[in-house]
Amino acid sequence: MQTIQVQLPDTVNIDAQEIQMLLAGKLYEKGVLSVGQAAQMAGFSKCAFMELLGHYQVSVLNYPADDILQDFENA
């Protein structure tokens, strides 16, 4: 895994675990990481990660609406 270093203003009160969760959640939401990869990055089990996604306004069902509509029409 890559390691990055981020400088934050002193006024930002956030710990490393929170930053990892925010980044993993966003990368999952964008489709860059699978749920398993994102969970590992954030340091959680898949189940715990999926439960936490709601706190970050990220849907567990990362499936584009157009694809759902197409699947419905094909059914």
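Enquirer: Help me understand helix α2 (residues 35-42) in this model?
Expert: Think of an α-helix as turning once every 3.6 residues; residues three or four places apart then point the same way. Taken as a whole, α2 has its buried residues at V35, A38, A39, M41 and A42. End-on, the buried residues of α2 take up no more than an arc of 160°, which puts them together on one face. Close packing links the buried residues of α2 with α1 (16-29) and α3 (46-53). In the segment just after α2, G43 is the residue with positive phi, at about 85°.

Enquirer: Explain the packing of α1 against α2 here, please?
Expert: Describing two packed helices takes the angle between their axes plus the distance from one axis to the other. At a closest axis distance of 8 Å, the pairing of α1 and α2 adopts a crossing angle of 170°. One finds that α1 runs roughly antiparallel with respect to α2. For α1 against α2, the interelement crossing comes out right-handed. Only V35, A38, M41 and A42 of α2 make contact with α1, whose side of the interface consists of Q17, Q20, M21, L23, A24, L27 and Y28.

Enquirer: Can you walk me through the nonpolar core in this structure?
Expert: M21, A24, Y28, L33, V35, A38, A39, M41, A42, F49, L53 and V58 form the largest nonpolar core, which has twelve residues in total. For this core, the secondary-structure elements that each account for two or more residues are α1, α2 and α3. Residue contributions to this core peak at five residues, all from α2.

Enquirer: Can you help me understand the packing of aromatic side chains in this one?
Expert: Pairs of aromatic rings are described using the distance from one ring centre to the other and the angle between the two planes. Under the counting rule described, the total for this entry stands at one aromatic pair. Centre to centre, the rings of Y28 and F49 are 6.4 Å apart; their planes meet at 85°, and the pair counts as edge-to-face. Of this pair, Y28 sits in helix α1 while F49 sits in helix α3, placing them 21 residues apart in sequence. A residue is classified by how much of its surface remains accessible, and Y28, at 8% relative accessible area, is buried.

Quick notes on the rules
Residues numbered from 1 in each chain as written. Predicted model: local features only at pLDDT ≥ 70, side-chain atom pairs only at ≥ 80, totals over all residues. Heavy atoms only, no water. Buried < 20%, exposed > 50% of the residue type's maximum accessible area, 1.4 Å probe, protein only. Helix = DSSP H or I, 4+ residues; strand = E, 2+ residues; numbered from the N terminus. Arc of directions from axis to C-beta. Contact = heavy atoms within 4.5 Å. Axes fitted to C-alpha atoms, helices over the stretch in contact; angles between N-to-C directions. Parallel < 35°, antiparallel > 145°, perpendicular 65-115°, else oblique. Left-handed = near helix turned anticlockwise from the far one by under 90°. Core = buried A, V, L, I, M, F, W, Y, C linked by side-chain atoms within 4.5 Å. Phe/Tyr/Trp six-rings, centres within 6.5 Å; stacked < 30°, edge-to-face > 60°.

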